[in-house]
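Survey of secondary and tertiary structure
Residue-level listing of the chains:
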Amino acid sequence: SLSRICLKGKHWEPLVDILEQSDHEREWRLRVARGIIEEGCGVVVVLNRLRDVFRELESFDDFAKVEELLLSFESGRDERVSRCSSLGTVYLDKLNDPGRAREYYDKVLELDPKDEIAFHGLRKIFRVGHFWERLRELNEAFLDVVPEMERLELLIEIRDILSDNLNEPELAFIAACR
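Every value quoted in this text rests on a predicted model; they were computed, and no experiment measured them. (Residues numbered from 1 in each chain as written. Predicted model: local features only at pLDDT ≥ 70, side-chain atom pairs only at ≥ 80, totals over all residues. Heavy atoms only, no water.)

The next point concerns the overall build of the chain. Scanning the chain from N- to C-terminus turns up eleven helices and zero strands. Mapped in sequence order, the helices and strands of the chain form the string α-α-α-α-α-α-α-α-α-α-α. In terms of overall size, the chain is more extended than a compact globule, its C-alpha atoms giving a radius of gyration of 21 Å where 178 residues would be expected to give roughly 16 Å. Expressed along its principal axes, the backbone C-alpha trace of the chain runs to roughly 70 × 30 × 25 Å. Counting across all 178 residues of the chain, residues that qualify as buried make up 40%. A sequence separation of at least 24 residues applies to 46% of the contacts in the chain between residues at least 6 apart. Carbon and sulfur atoms provide 50% of the accessible area of the chain, an area that totals close to 10,100 Å². Separation between the mean location of the 27 positive side-chain charges and that of the 38 negative ones in the chain comes to 4 Å. (Helix = DSSP H or I, 4+ residues; strand = E, 2+ residues; numbered from the N terminus. Rg over C-alpha atoms; globule rule 2.2 N^0.38 Å. Buried < 20%, exposed > 50% of the residue type's maximum accessible area, 1.4 Å probe, protein only. Contact = heavy atoms within 4.5 Å. Areas by Shrake-Rupley, 256 points an atom, 1.4 Å probe, with all protein chains shown as cover. Lys, Arg positive; Asp, Glu negative; His and termini not counted. Charge placed at Lys NZ, Arg CZ, Asp CG, Glu CD.)

Put into structure tokens, the structure is as follows:
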């Protein structure tokens, strides 16, 4: 078939055109898209399009693999922040892998210490995982970044963590006075 010819000849663009416009069944589209990746396609434009195909087909494992491959090609800070943020969100919300999500959100904060997507993703991870000290530290770090109303919410959460989870009533009182 045409897809085999394109795949063996490494004619990626026509194959991706077929995948994007295809009325073929989902499994066929996934098999062909995975075949392109396995053949070692390193063309960034094609990989971006494949990532979008995987997202459309809700194959988030494959989406993450392609996004990680694309990340390896990125050198700009903003592009790396965007890709790491995307990976953090996919691992957290779609693949239920908070450990991997945390890795990517931490990378985002290394590159952009004020990134709110990473901040909210890590808050979610730390709450669910009961990493109270890390949650308190993260909230403290973002007090000057968030808007005033959210700042109040962070201060209340810091107070509650110190009081209820870390058994530090004196520090909780100090946090309440802030």
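From this point, things continue past the structure.
Core analysis: the biggest nonpolar cluster contains 49 residues, and Leu19 and Leu50 have the highest contact counts within it. Residue contacts for leucine 19: discarding those within four places in its chain leaves Trp28, Arg29, Val32, Ala33, Ile36, Leu50 and Val53. (Core = buried A, V, L, I, M, F, W, Y, C linked by side-chain atoms within 4.5 Å.)

Here we take up a nonpolar patch on the surface. Taken together, the side chains of Met149, Leu152 and Ile156 define a hydrophobic patch exposed on the protein surface, amounting to about 310 Å² of accessible area. Of note, methionine 149 is situated in helix 10 (residues 148-165). (Patch = residues over 30% accessible without salt bridge, like charges linked within 9 Å, V, L, I, M, F, W, Y side chains within 5 Å. Salt bridge = Lys/Arg side-chain N within 4 Å of Asp/Glu carboxyl O.)

Here we take up the confidence of the model for the chain. Across the chain, the average pLDDT comes to 89, with 93% of residues at or above 70. Taking the mean pLDDT of every element in the chain, the minimum, 52, falls on helix 1 (residues 2-8) and the maximum, 98, on helix 7 (residues 98-111). (pLDDT = per-residue confidence, 0-100.)

Moving on to the packing of aromatic side chains. Tallied over the full model, the rule gives three aromatic pairs. A centroid spacing of 5.9 Å and a plane angle of 0 degrees characterise the contact between tyrosine 91 and tyrosine 104, whose relative ring orientation is stacked. Of this pair, tyrosine 91 sits in helix 6 (residues 77-94) while tyrosine 104 sits in helix 7, and the two are 13 residues apart along the sequence. Both residues of the pair, tyrosine 91 and tyrosine 104, belong to the buried class. For the ring pair phenylalanine 126 and phenylalanine 131, a centre distance of 6.2 Å and an interplane angle of 85 degrees mean the geometry is edge-to-face. Positioned above the aromatic ring of phenylalanine 131 is the side chain of arginine 102, whose terminal nitrogen or guanidinium carbon lies 5.6 Å from the ring centre. (Phe/Tyr/Trp six-rings, centres within 6.5 Å; stacked < 30°, edge-to-face > 60°. Lys NZ or Arg CZ within 6 Å of the ring centre and 35° of its normal.)

This part takes up the side chain of arginine 83. Take arginine 83: it is sitting in helix 6. A distance of 3.1 Å separates the side chain of arginine 83 from the side chain of asparagine 48, its partner in a polar contact. Here the side chain of arginine 83 touches glutamate 74 through a polar contact of 3.2 Å, side chain to side chain. Here arginine 83 is in contact with Asn48, Arg51, Glu67, Leu70, Leu71 and Glu74, once residues within four sequence places are set aside. (Polar contact = N/O pair within 3.5 Å; in protein donor to acceptor, adjacent residues only side chain to side chain.)

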